[in-house]
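Now for the letters of each chain:
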Amino acid sequence: MHSSQLLMTDGSISGKMLRFALPVFIGNLFQQLYNVADALIVGNFVGNDALAAVSATGNLVFLLISFFAGVSMGAGVVISRYFGARDEEKMRLAIHTSVAFNLVTGLGLTLAGTTLTPWLLRLMGTPEDVMALSVTYIRIFFAGSLGLVMYNSFCGIMRAVGDSRNPLIYLVISSLLNVTMDLIFVAGLHMGVTGAALATILAQFLSAILCALKLMRTADSHRLVLRQVRFDRDMTGLIVRYGLPTGMQNSVIAIANVVVQSNINAFGTMAVSGCGAYAKIEGFAFLPITSFQMALTTFVGQNLGAGEYERAKKGARFGIWCSIAAAELIGLAIYVSAPHLIGAFTSEPEAIAFGVRKAEICSMFFFLLSASHCLSAVLRGAGKASIPMLAMLIFWCVIRVSFIAVAMPYYRSIDVVNWVYPLTWLLSTIFLVIYYVRADWLHSFVKA
């Protein structure tokens, strides 16, 4: 086994999973610190309107990126399966097909993002006083979205073979560069949201280039050879088969969140900036969730590919409970310190009040958010991505949007929007727990 790879089919379950999850956690921490620094720099050096403009684009960015990111996750499942089965020939074929797939989808995302965003922002009811700034920010962001797509593609290849250390290194470099350029462009050159967007896309391309160079220079079995990048029909079918449900799941969640954001927008710029500041703080709860989510998908995929069914089950339990405990501890810290945390982003008392109220309602239910994401990760690793998709479609889209549509006319309060999150987290968790306990997901892994 090469030094940059981590085979999870033997040895200590907790040791292997934590060895994978810890670099992902640290990398996501740096990225989240950048996101917070970005909002702090914009909010303090440009103003509350600029913070609201950047915040208003968050769900739209997720909408356009999430589908492509979800589909590309199918490649990670396929690669980890062949890596666990030690089928290097098919693993290489999956790697080069996934790179070709993401190049095409990244270009498609650039075109869709730069073309459709003004119309989508108006559809969301973005406040007119921040519309121009929002359009400027998001158009520049999507002009460089190919860098983000390819970075995620390359990192997905590394993580599928158990390498979470190198993506960490490149993410730290990218995040530090991002903050540095933010300070230069926004605080120094006074370029406003234009500078913030430029800093983001330049850092994205740097991280993608570093990852590509690492993959091309490695002597390991997951080496990237540019002349071998092409579509293989059967492998493309597998990637889409495992990734399309996740892409659709991400999209319906994003669509629902766009609807939710439009309801937040209806309460004005202060609500947008306050809830946007809370979203930056909430991102810290996603650190353990995302870390163990990636570890679980890789662990389960590798072990089921190797026929280690009992080990996959034990690893799933360990990862789920670790994520739940860590997310809830972060939720408690946010609940206690919300006024000070939100106040760091904006000095407007009304905006702070909106952010604190959302923290009071949502932060103590992060254990439900963690359970839903980690159970979904286990099922994706087992090749059952359609089950999480169904759960999120029903609960995080249909019920979330329906609840707001029915309740808002009778109770005109932003609390309706705030409570819809823990409610739908609860319902999806119940559904996924029942499926996890009663279905034979361990032996559903389809061989190809």
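Above this text sits the structure in question.
Residues numbered from 1 in each chain as written. Predicted model: local features only at pLDDT ≥ 70, side-chain atom pairs only at ≥ 80, totals over all residues. Heavy atoms only, no water.

Quick look at a nonpolar patch on the surface now. Together, Leu 390, Leu 393, Ile 394 and Val 398 line one region of the surface with nonpolar side chains, adding up to about 280 Å² of accessible area. Look at Val 398 and you get partly exposed, because its relative accessible area is 44%. (Patch = residues over 30% accessible without salt bridge, like charges linked within 9 Å, V, L, I, M, F, W, Y side chains within 5 Å. Areas by Shrake-Rupley, 256 points an atom, 1.4 Å probe, with all protein chains shown as cover. Salt bridge = Lys/Arg side-chain N within 4 Å of Asp/Glu carboxyl O. Buried < 20%, exposed > 50% of the residue type's maximum accessible area, 1.4 Å probe, protein only.)

With that out of the way, let us pick up helix H13 (residues 349–362). Spanning 14 residues, H13 covers 20 Å between terminal C-alpha atoms, matching the ideal 20 Å at 1.5 Å per step. Among all positions of H13, only Ala 351, Ile 352, Phe 354, Gly 355, Val 356, Lys 358, Ala 359, Ile 361 and Cys 362 are buried. (Helix = DSSP H or I, 4+ residues; strand = E, 2+ residues; numbered from the N terminus. Expected span 1.5 Å × (residues − 1).)

Under the criterion given, the structure shown has four salt bridges. Of the charged contacts in the structure, one is a salt bridge between Glu 360 and Arg 357, with a shortest N-O distance of 3.4 Å. Of this pair, Glu 360 and Arg 357 both sit in helix H13, three residues apart, which is roughly one turn of that helix. When its relative accessible area of 33% is taken as the criterion, Arg 357 is described as partly exposed.

Attention shifts here to unusual backbone geometry. One non-glycine residue, His 190, adopts positive backbone phi at about 55°. One can find His 190 in the loop between helix H7 (165–188) and helix H8 (192–217).

A separate point is the packing of aromatic side chains. Summed over all chains, the structure comprises six aromatic pairs. Between the aromatic rings of Phe 141 and Phe 142, the centroid separation amounts to 5.3 Å while the plane-to-plane angle is 85°, which identifies the pairing as edge-to-face. Grouping residues by exposure puts Phe 141 and Phe 142 together as buried. A centroid spacing of 6.2 Å and a plane angle of 50° characterise the contact between Phe 366 and Trp 425, whose relative ring orientation is tilted. A residue pair is termed long-range when its members are at least 10 positions apart, and Phe 366 in helix H14 (residues 366–381) and Trp 425 in helix H16 (residues 414–438) qualify at 59 residues. Like Phe 366, the residue Trp 425 is buried in the burial classification. (Phe/Tyr/Trp six-rings, centres within 6.5 Å; stacked < 30°, edge-to-face > 60°.)

The next thing to look at is the packing of helix H10 (residues 269–282) against H13. A pair of packed helices can be characterised by two numbers: the angle between their axes and the separation between those axes. Where H10 meets H13, the axes come as close as 7 Å, and the angle between the chain directions of the two elements is 45°. Taken together, the axes of H10 and H13 are oblique relative to one another. Judged by the sense of rotation from one axis to the other, the crossing of H10 with H13 is right-handed. Residues Met 270, Ala 271, Ser 273, Gly 274, Cys 275 and Tyr 278 of H10 pack against Glu 350, Ala 351, Phe 354, Gly 355, Lys 358, Ala 359 and Cys 362 of H13. (Axes fitted to C-alpha atoms, helices over the stretch in contact; angles between N-to-C directions. Parallel < 35°, antiparallel > 145°, perpendicular 65-115°, else oblique. Left-handed = near helix turned anticlockwise from the far one by under 90°. Contact = heavy atoms within 4.5 Å.)

On to the environment of Asp 10, then. By the element assignment, Asp 10 lies in the segment before helix H1 (13–45). Using a relative accessible area of 40% as the deciding quantity, one classes Asp 10 as partly exposed. Considered as a pair, Asp 10 and Tyr 137 are 127 residues apart in the sequence and their alpha carbons are 47 Å apart.

This paragraph deals with the state of the cysteines. Tallied over the entire structure, the rule returns zero disulfides. No disulfide involves Cys 211; its sulfur sits 3.9 Å from that of Cys 155, the nearest cysteine. Among the residues examined, Cys 211 registers a relative accessible area of 0% and is labelled buried. Counting only cysteine sulfurs, Cys 322 is the nearest neighbor of Cys 374, a cysteine outside any disulfide, at a range of 9.6 Å. (Disulfide = S-S within 2.5 Å.)

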